[in-house]
Amino acid sequence: MLSPEGEHDLSDQMTPDRVKAQVWAMVIHESRGIVWFTQSPGGGDDNPCMSGDALADVRIHNTACSRDQVQAMGEINAEVKALAPVLNTQSYVWNFGDGLDTMLKSYNGDAYIFAMTQDAQTGQRTFTLPTGVTPKTVDVVNENRTIAVKDGKFTDDFPVESTHHVYKVRL
């Protein structure tokens, strides 16, 4: 959680956005659970954030180390829990376009598209909806915005490597 790939330099700690992006990447690739590794390995006095249980350090001992990451864990847990009825449905195979990692679900008359860019690349991506799916707009879940659909396609921005979106499309 805190220091990826066994790094011990505090500058290499995962940012809260990166913590969230790692979870969404796992979900999009069909992970069926999330297990938090809450240790921050390190060596000696050069890593004041070394911890055997970062969650306890933040919750019980009120340490500043990893406070933002632990908050991000709670936020992503809440997002996943809220979307659990959707996530627990059958996935469908559809290629929405180049440079995208996606997962397609259907729930209660809506399609849900979970999306990130491939290889953490940034920029705009164009989504091509499946044949017969003809909405005028798509809602971006938890972002309070909609995107116009034209000729079965819509475009959205992925400004940083950790950007992820969930789209809700009325069927």
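Remember, it's a predicted structure, so these values are computed and weren't measured experimentally. (Residues numbered from 1 in each chain as written. Predicted model: local features only at pLDDT ≥ 70, side-chain atom pairs only at ≥ 80, totals over all residues. Heavy atoms only, no water.)

It is not clear to me how the overall build of the protein chain should be interpreted in this structure. Could you clarify?
If you tally the helices and strands in the protein chain, you get 4 helices and 8 strands. In the protein chain, the succession of helices and strands from N to C terminus is α-α-α-α-β-β-β-β-β-β-β-β. Taking all 171 residues of the protein chain together, 39% fall into the buried category. Split by element, the accessible area of the protein chain, about 9700 Å² in all, is 49% carbon and sulfur. (Helix = DSSP H or I, 4+ residues; strand = E, 2+ residues; numbered from the N terminus. Buried < 20%, exposed > 50% of the residue type's maximum accessible area, 1.4 Å probe, protein only. Areas by Shrake-Rupley, 256 points an atom, 1.4 Å probe, with all protein chains shown as cover.)

Sorry, what's going on with the packing of aromatic side chains here?
The way to describe two aromatic rings as a pair is by their centre distance and the angle between their planes. On inspection of all chains with the given rule, the structure shows 6 aromatic pairs. Pairing phenylalanine 154 with tyrosine 167 gives two aromatic rings, centres 5.0 Å apart and planes at 65°, and the pair type is edge-to-face. Separated by 13 residues along the polypeptide, phenylalanine 154 in strand β7 (residues 153-158) and tyrosine 167 in strand β8 (residues 164-170) bring together distant segments of the chain. According to the relative accessible area criterion, phenylalanine 154 is buried, its value standing at 2%. Owing to a relative accessible area of 0%, tyrosine 167 belongs among the buried residues under this scheme. Grouping aromatic residues by their ring pairs yields a cluster made of Phe96, Phe127, Phe154, Phe158 and Tyr167. (Phe/Tyr/Trp six-rings, centres within 6.5 Å; stacked < 30°, edge-to-face > 60°.)

Could you clarify how one ought to interpret the pattern of salt bridges in this entry?
One side chain can pair with another of opposite charge once the charged atoms of both are near each other. Applying the stated criterion across every chain, the model contains 6 salt bridges. Among the ionic pairs, arginine 170 bridges to aspartate 110, the shortest N-O distance being 2.9 Å. One end of the pair, arginine 170, is in strand β8; the other, aspartate 110, is in strand β3 (residues 110-117), and 60 residues separate them in sequence. Look at arginine 170 and you get exposed, because its relative accessible area is 53%. (Salt bridge = Lys/Arg side-chain N within 4 Å of Asp/Glu carboxyl O.)

Is there a simple way to think about the environment of alanine 21 in this case?
Assignment of secondary structure puts alanine 21 in helix α1 (residues 16-28). Given the relative accessible area of 7%, alanine 21 is considered buried. Along the sequence, alanine 21 and alanine 120 sit 99 residues apart, while their C-alpha atoms lie 9.5 Å from each other.

Would you take a moment to explain helix α3 (residues 67-82) for this structure?
For an α-helix, 3.6 residues make a turn, and residues three or four places apart therefore share a direction. Over its 16 residues, α3 extends 23 Å from the first C-alpha to the last, a length consistent with the 22 Å expected when each residue adds 1.5 Å. Within α3, the full set of buried residues consists of Gln69, Val70, Ala72, Met73, Ile76 and Val80. Each buried residue of α3 sits inside an arc of 155° when the element is viewed along its axis, so together they form one side. Away from its buried face by more than 90 degrees, α3 exposes Lys81 and Ala82. Turning to α3, the residues buried within the fold contact α1, α2 (54-59) and α4 (84-87). (Expected span 1.5 Å × (residues − 1). Arc of directions from axis to C-beta. Contact = heavy atoms within 4.5 Å.)

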